[in-house]
2 protein chains.
Amino acid sequence: MQRRRLVILGSTGSVGRQTLDVVRAFPDAFEVVGLCAGNNLELLKQQVDEFKPSYINAAADHDNYNGAAPLPAEEIVSLPEVDMVMGATVGCAGMGPALATINAGKTLALANKEVIVMAGEVLTRRAKETGATILPVDSEPSALWQCIQGEDTPPARFIITASGGAFRGRTWESLHDVTPEEALKHPTWIMGDKITIDSASLMNKAFEVIETRWLFDIPYEQIDVVIHRQSIIHSMVEFADGSVKAQLGPPDMRHPIQYALFYPDRQENDDLPRFNPVETGSLTFETMDPSLYPSFQLALDYAKKGGTWPAVLAGADETAVSLFLDGQIRFTDIPDVVASTLAAHTPVMEHSVEDAVQAAAWATEHTLEKHAAGATI
Amino acid sequence: MQRRRLVILGSTGSVGRQTLDVVRAFPDAFEVVGLCAGNNLELLKQQVDEFKPSYINAAADHDNYNGAAPLPAEEIVSLPEVDMVMGATVGCAGMGPALATINAGKTLALANKEVIVMAGEVLTRRAKETGATILPVDSEPSALWQCIQGEDTPPARFIITASGGAFRGRTWESLHDVTPEEALKHPTWIMGDKITIDSASLMNKAFEVIETRWLFDIPYEQIDVVIHRQSIIHSMVEFADGSVKAQLGPPDMRHPIQYALFYPDRQENDDLPRFNPVETGSLTFETMDPSLYPSFQLALDYAKKGGTWPAVLAGADETAVSLFLDGQIRFTDIPDVVASTLAAHTPVMEHSVEDAVQAAAWATEHTLEKHAAGATI
């Protein structure tokens, strides 16, 4: 196999670091062309020393470092020598380089699900026009994707599993006083802060439903969510004849990352944990009760409206989560803050990606202003 | 889709009847060219009235009936107007028509696993020569087959699930006095008598391992068995990267039968039960302890030797099971009777299908003679 020439957006974040773990395990399979990060310049420099990219980009001020020249992320992903881009940025800020990747007709392995939530309809249409491919990296959409391989008949139903997050089994009312530290303790997955908070509120699960709707072009009515506490079955697909396929494995993000990086091949990697059915114990399923998770229902109600609504949802949620992590609002305020911003939005229904970006930016601004004007913990 | 022109071997047995249930649900998809049965002429005639085959065959004496002309099964399956043969005969007697199907280069959907146990190596080699295709119908190999669809990299490990049969949780010693009625109560599947007894001893699970080895051309070392009491996960495949796919569904043979009949398509069938994860309850896995199941270990030990050994295994087991069902030997005698016949066998290592058929016939004869000469319950 020819080396895949890779750019990693968000290389110092959780998915970015794990992507480099996989790249490290296969020195002959990948060439890292570019690394883009946020403010963690120290780690970025270590990554440059190890993976020798030609280009770097960071939110923080940075110079040419050890042969890696600074270049805007949008330009790095569009370089002719790039085959694949790992979109591992967190939040709405990932849109620019993700869109540039799609416009350049490259393969985009997308962990940064906010981008698809913001503008899934437009981005997937654009990808069709440019010949770009968007591959899921998130474990649940990756599981669905693995399950439909080789199936010619359209799937009848996607069943997305949900661990239930840090507060599963508790009522929404009992979460009034939970701290960011408590909300950041995910029961099964090790992930970045934003997604872990979104998992606790099940906002993240709604985002996965939205991501699934667009990446697989399947109507919302054919997507179900079921609580599966063990995070072993990453999702399931029911086919027309009633047969169901599930994709399983220990909860480790390197599995879906590696699948996307090598797709359609599979490679042995001794670093990755293996599934042992007997040690795994029981696998259980419970009904997901939307009344326990107001964020979930809110998100889907607005996502289904289309237009710039989901972009506002993504922007408002991202802002509400930072306010919570900063101790500015309560965990249980998150859906109320998001709902209040959504209520103030005037949507653009026939929208472009630019409209979505502007709507998300407006949502952030509006949420912060409203909070500054009086909302207190 | 063009109508598939079908012959059913063993049409009055459990899998044969369920095959006709599927055919009945899709009146435009199949044409029944021939029906072959054993002694249940009454049911065969009903089937002829309903499905109007051109040819019939039965072990019992029969004439031309309602437009269906008697013809040897080997000739029916070889007719130019036949596309697919469902091999749903029970036991070693299925070999003749199965081999004729393969020799004629047709598609053989094979539920009759004894045929593959007897001569899997030779039959799969022969199928390659004639261009015949052998499709699994048994739920576990069907699950493995569904899981490898679209996967280009060879599977790393097949994990076959086992309900544990009628006596799961009991020690072998405690089964000394069990009756045929008790052994025929399968906890999850409704199947014919022979396979239900083989399930109780886990001989059937060994047969599935052997079937898997040949149908998928995978070494025995890469096939594991795990106890899964619920019979919901029908089997699993682990790939090189550690990702695992499982095929799931309510235990109903019409699912794998329909999958084989329509392969590679899938068709909606409202008659079939659907998987409901929440109603399903917990899915559990336990180590299969071979010491609890002497038949399992015995079967695999001899199957791995190759040559005519597995044919003797199949013949001796079939005879021992009928002796048990006739009240002639104890349930716990089955592996001893089989082992004693195996011990008396002089194998042919470079063997033909004919050698395998003769070895199985010898095994039946030897087992019966030895029993007549003195073994008592």
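Because the structure is a prediction, the values reported are computed rather than measured.

Participant: Could you give an account of the interface of chain B and chain A, naming the residues involved and the relevant values?
Facilitator: Interface size is commonly expressed as the accessible surface area that is lost when the partners come together. With 42 residues of chain B at the interface, the matching set in chain A holds 42 residues. At the boundary of chain B with chain A, total buried surface from both sides reaches about 3,600 Å², with 51% on carbon and sulfur atoms. By the criterion of area lost to chain A, the three top residues of chain B are Asp241, Arg266 and Phe285 of chain B, representing 20% of everything that side buries. Connecting chain B to chain A are six salt bridges. Across the pair Arg266 of chain A and Glu151 of chain B runs a salt bridge whose closest N-O atoms are separated by 2.7 Å. Taken together, the links from chain B to chain A amount to 24 residue pairs in polar contact (both at pLDDT 80 or more).

Participant: Before we move on, could you go through the sheet that holds strand S7 (residues 133-136) of chain B and cite the residues and values that matter?
Facilitator: Residue and element names in this part refer to chain B. The seven strands lie next to each other as S4-S3-S2-S1-S5-S6-S7, forming an open sheet whose pairing is parallel. The open sheet terminates on both sides in strands that have one partner only, identified here as strand S4 (69-70) and S7. Where strand S3 (residues 55-58) meets S4, two bridges bridge the pair, whose relative direction is parallel. Residue pairing in the sheet places Ile56 in a bridge with Pro70 of S4. Contacts between helix H4 (residues 95-103) and the sheet are confined to strand S1 (4-9), strand S5 (84-87), strand S6 (107-110) and S7, with S6 contributing the most and set at about 145° to the helix.

Participant: Explain empty space enclosed by the protein to me, using residue names and the numbers behind them.
Facilitator: Residue and element names in this part refer to chain A. Tallied over the entire structure, the rule returns six cavities of 30 Å³ or more. The computed volume of the largest cavity comes to approximately 190 Å³. Lining the largest cavity are 23 residues, and of these Glu140, Ser163, His186, Trp189 and Lys205 sit closest to its centre. Its residues assigned to classes, the lining of the largest cavity comprises seven nonpolar, 11 polar and five charged.

Participant: Tell me about the pattern of salt bridges, and name the residues and values.
Facilitator: Residues and elements named next belong to chain A. A full pass over the atoms with the stated rule returns 40 salt bridges over all chains. Notably, a salt bridge pairs Arg229 with Glu286, separated by 2.8 Å at the nearest N-O pair. Linking Arg229 in the loop between strand S9 (223-227) and strand S10 (233-238) with Glu286 in strand S12 (residues 286-287), this pair joins segments that are 57 residues apart in sequence. Its relative accessible area of 29% is what places Arg229 among the partly exposed residues. By sharing partners, the salt bridges in this structure join Glu114, Lys194, Asp198 and Asp317 into a single network.

Participant: Before we move on, can you summarise the relation of the copies chain B and chain A with the specific residues and values?
Facilitator: Expressed as a screw operation, the relation of chain B to chain A combines 0.0 Å of axial shift with a rotation of 180°, fitting to an RMSD of 0.0 Å. Such a turn and shift between the copies fits a two-fold axis. Closest approach to the rotation axis within chain B is made by the C-alpha atom of Gly150 of chain B, at a distance of 1.8 Å. When the interface residues of chain B are mapped onto chain A, 100% of them again fall at the interface, so both copies present the same face.

Participant: Give me the lowdown on helix H9 (residues 203-215) of chain B, citing residues and values where you can.
Facilitator: All names here are of chain B. Taking 1.5 Å of rise per residue, 13 residues should cover 18 Å, and H9 covers 18 Å from first to last C-alpha, within 8% of that figure. Most of H9 sits inside the fold, with 13 of its 13 residues counted as buried. Following H9 by one or two positions, Asp217 adopts a phi angle in the positive range, close to 50°.

Participant: Explain the sheet that holds strand S4 (residues 69-70) of chain A to me, and be specific about the residues and the numbers.
Facilitator: Residues and elements named next belong to chain A. Taking strand neighbours across the sheet as the criterion, the seven strands line up as S4-S3-S2-S1-S5-S6-S7 in an open arrangement whose pairing is parallel. Only two strands of the sheet have a single partner each, and these edge strands are S4 and strand S7 (133-136). Where strand S1 (residues 4-9) meets strand S2 (residues 30-37), six bridges bridge the pair, whose relative direction is parallel. The residue bridging Arg4 from the neighbouring strand is Phe30, located in S2. This element, helix H5 (residues 113-130), spans strand S6 (107-110) and S7 of the sheet and lies at about 140° to S7.

Participant: So what's going on with the domain arrangement of chain A? Which residues, and what values?
Facilitator: All names here are of chain A. Here the domain parsing of chain A yields domain 1 (4-137), domain 2 (139-250 + 273-293) and domain 3 (305-377). Domain 1 and domain 2 are separated by 25 Å when their C-alpha centres are compared. Between domain 1 and domain 2, the contact holds 15 residues from the first and 18 residues from the second. In total, about 1,300 Å² of surface goes out of reach between domain 1 and domain 2, with carbon and sulfur atoms giving 72% of it. If you sort the residues of domain 1 by the area they bury against domain 2, Lys113, Val117 and Pro136 come out on top, with a joint share of 44%. Here domain 1 and domain 2 share one salt bridge between them. Across the salt bridge formed by Glu114 and Lys194, the nearest N and O atoms sit 2.8 Å from each other. Taken together, the connections running from domain 1 to domain 2 amount to three residue pairs in polar contact (both at pLDDT 80 or more). Breaking the side of domain 1 that touches domain 2 down by element, the ones donating at least two residues are helix H1 (14-25), H5 and S7.

Participant: For the packing of helix H8 (residues 193-201) of chain A against helix H9 (residues 203-215) of chain A, give the residues involved together with the corresponding values.
Facilitator: Geometrically, a packed helix pair is captured by the angle between its two axes and the distance between the axes. Residue and element names in this part refer to chain A. Taken N-terminus to C-terminus, the directions of H8 and H9 make an angle of 95°; their axes are 5 Å apart at the nearest point. Between H8 and H9, the interaxial angle falls into the category roughly perpendicular. Within the contact between the two elements, H8 uses Lys194, Ile195, Asp198, Ser199 and Ser201 and H9 uses Met203, Asn204 and Phe207. In the contact of H8 with H9, the residues fall into three nonpolar, three polar and two charged.

Participant: Tell me about the side chain of Thr332 of chain A, and please be specific about residues and values.
Facilitator: All names here are of chain A. Mapped onto the elements, Thr332 comes out in the loop between helix H13 (309-325) and helix H14 (334-343). A relative accessible area of 9% places Thr332 in the buried class. Apart from the residues within four sequence positions on either side, Thr332 is in contact with Trp172, Leu175 and His176.

How each quantity is defined
- Residues numbered from 1 in each chain as written.
- Chains lettered and ligands numbered in written order.
- Predicted model: local features only at pLDDT ≥ 70, side-chain atom pairs only at ≥ 80, totals over all residues.
- Heavy atoms only, no water.
- Contact = heavy atoms within 4.5 Å.
- Buried area = accessible area lost by both parts, 1.4 Å probe.
- Salt bridge = Lys/Arg side-chain N within 4 Å of Asp/Glu carboxyl O.
- Polar contact = N/O pair within 3.5 Å; in protein donor to acceptor, adjacent residues only side chain to side chain.
- Pairing = 2+ DSSP bridges.
- Helix = DSSP H or I, 4+ residues; strand = E, 2+ residues; numbered from the N terminus.
- Axes fitted to C-alpha atoms, helices over the stretch in contact; angles between N-to-C directions.
- 1 Å grid on protein atoms, 1.4 Å probe; cavity = no way out; pocket = protein on both sides within 12 Å on 5 of 7 lines; lining within 4 Å.
- Points joined across faces, edges and corners; volume = space filled by probe spheres on them.
- Nonpolar A, V, L, I, M, F, W, Y, C, P; charged D, E, K, R; others polar.
- Buried < 20%, exposed > 50% of the residue type's maximum accessible area, 1.4 Å probe, protein only.
- Least-squares fit on C-alpha atoms with pLDDT ≥ 70 in both.
- Expected span 1.5 Å × (residues − 1).
- Domains from an automatic or database assignment.
- Parallel < 35°, antiparallel > 145°, perpendicular 65-115°, else oblique.

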